[in-house]
Amino acid sequence: KIVLSFRILRLLRIARAIRMVPQFRILWMLVRGLWSAMQTLLWAAVLMVAVIYTFAIVAVEVVYSMHIDSFIEDQDPNMPPELLFSLFGTVPRSMLTLLQITTQDSWAIFVRPL
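Being a predicted model, the structure only gives us computed values, none of them experimental.

**Brief notes about the overall build of the chain**
Working step 1: When helices and strands are counted, the chain shows five helices and zero strands.
Working step 2: When the helices and strands of the chain are placed in sequence order, the string is α-α-α-α-α.
Working step 3: For the chain, the proportion of its 114 residues judged to be buried stands at 14%.
Working step 4: The long-range fraction of contacts in the chain, counting pairs at least 24 apart against all pairs at least 6 apart in sequence, stands at 59%.
Working step 5: Of the roughly 9200 Å² of accessible surface on the chain, 71% is carried by carbon and sulfur atoms.

Rendered as structure tokens:
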């Protein structure tokens, strides 16, 4: 651990020295810009996960429960329960399905049976 911390300190000193060289000033501005953009993107991703999680819970409770009940009553051949469970059976599966629909990654496969 001590050797690793010395290596990190040495890298920080090198980065500080490079920052002082005038030719690397533009590079350093780009690195700072990327860092601030990453913070914004991180919060956007956190917000997107929260929204998808919320709607995944709704999808499991409403879509999956409603279609399973109608399948048991009507034996709907267009929506086999295996497909429905693989798409909306659990919260993580619903999150993946909703993410694929959001990014339009083969979303027609999910929409047609519903």
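**Here's the deal with the side chain of Thr97**
Working step 1: Examined against the element boundaries, Thr97 turns out to sit in helix H4 (residues 91-102).
Working step 2: Relative accessible area serves as the criterion here: at 2%, Thr97 is assigned to the buried category.
Working step 3: A distance of 2.7 Å separates a polar atom in the side chain of Thr97 from the backbone oxygen of Leu87.

**A look at the environment of Val60**
Working step 1: Mapped onto the elements of the fold, Val60 is located in helix H2 (residues 25-74).
Working step 2: On a C-alpha basis, the gap between Val60 and Leu87 in space is 9.4 Å, while along the polypeptide they are 27 residues apart.
Working step 3: Aside from chain neighbours lying at most four places away, what touches Val60 is Ser65, Phe88, Gly89, Thr90, Val91 and Ser94.

**Observations regarding a nonpolar patch on the surface**
Working step 1: A cluster of nonpolar residues, Leu11, Ile14, Ile18, Phe24, Ile26, Leu27, Leu30 and Val31, forms a patch on the protein surface that exposes about 740 Å² of accessible area.
Working step 2: At the level of elements, helix H1 (2-20) and H2 are the ones that each hand at least two residues to the nonpolar patch.
Working step 3: Looking at the nonpolar patch element by element, the count peaks at four residues for H2.
Working step 4: Within the fold, Phe24 resides in the loop between H1 and H2.
Working step 5: You can call Phe24 partly exposed: its relative accessible area is 36%.

**Some points on the packing of helix H3 (residues 81-88) against H4**
Two measures define how a pair of helices packs: the angle their axes make with one another and the distance between the axes.
Working step 1: Remark: H3 packs on H4, axes separated minimally by 6 Å, with the N-to-C direction vectors making an angle of 85°. Considering the angle they form, H3 stands roughly perpendicular to H4. Contacts between H3 and H4 involve Phe85, Ser86, Leu87 and Phe88 on the former and, on the latter, Arg93, Ser94 and Thr97.
Working step 2: Looking at the contact of H3 with H4 residue by residue, the class counts come to three nonpolar, three polar and one charged.

**Focus: the side chain of Ser94**
Working step 1: With respect to the secondary-structure elements, Ser94 resides in helix H4.
Working step 2: Of the residues examined, Ser94 reaches a relative accessible area of 0% and is grouped as buried.

**Examining H4**
Working step 1: Under the 1.5 Å per step criterion, the end-to-end length of H4 is 16 Å for 12 residues, consistent within 8% with the ideal 16 Å.
Working step 2: Within H4, burial applies to Ser94, Thr97 and Leu98. Projected down its long axis, H4 carries its buried residues within an arc of 95°, all on one side.
Working step 3: Directly after H4, the chain includes Gln104, whose backbone phi takes a positive value near 55°.

Reading guide: rules and limits
Residues numbered from 1 in each chain as written. Predicted model: local features only at pLDDT ≥ 70, side-chain atom pairs only at ≥ 80, totals over all residues. Heavy atoms only, no water. Helix = DSSP H or I, 4+ residues; strand = E, 2+ residues; numbered from the N terminus. Buried < 20%, exposed > 50% of the residue type's maximum accessible area, 1.4 Å probe, protein only. Contact = heavy atoms within 4.5 Å. Areas by Shrake-Rupley, 256 points an atom, 1.4 Å probe, with all protein chains shown as cover. Polar contact = N/O pair within 3.5 Å; in protein donor to acceptor, adjacent residues only side chain to side chain. Patch = residues over 30% accessible without salt bridge, like charges linked within 9 Å, V, L, I, M, F, W, Y side chains within 5 Å. Salt bridge = Lys/Arg side-chain N within 4 Å of Asp/Glu carboxyl O. Axes fitted to C-alpha atoms, helices over the stretch in contact; angles between N-to-C directions. Parallel < 35°, antiparallel > 145°, perpendicular 65-115°, else oblique. Nonpolar A, V, L, I, M, F, W, Y, C, P; charged D, E, K, R; others polar. Expected span 1.5 Å × (residues − 1). Arc of directions from axis to C-beta.

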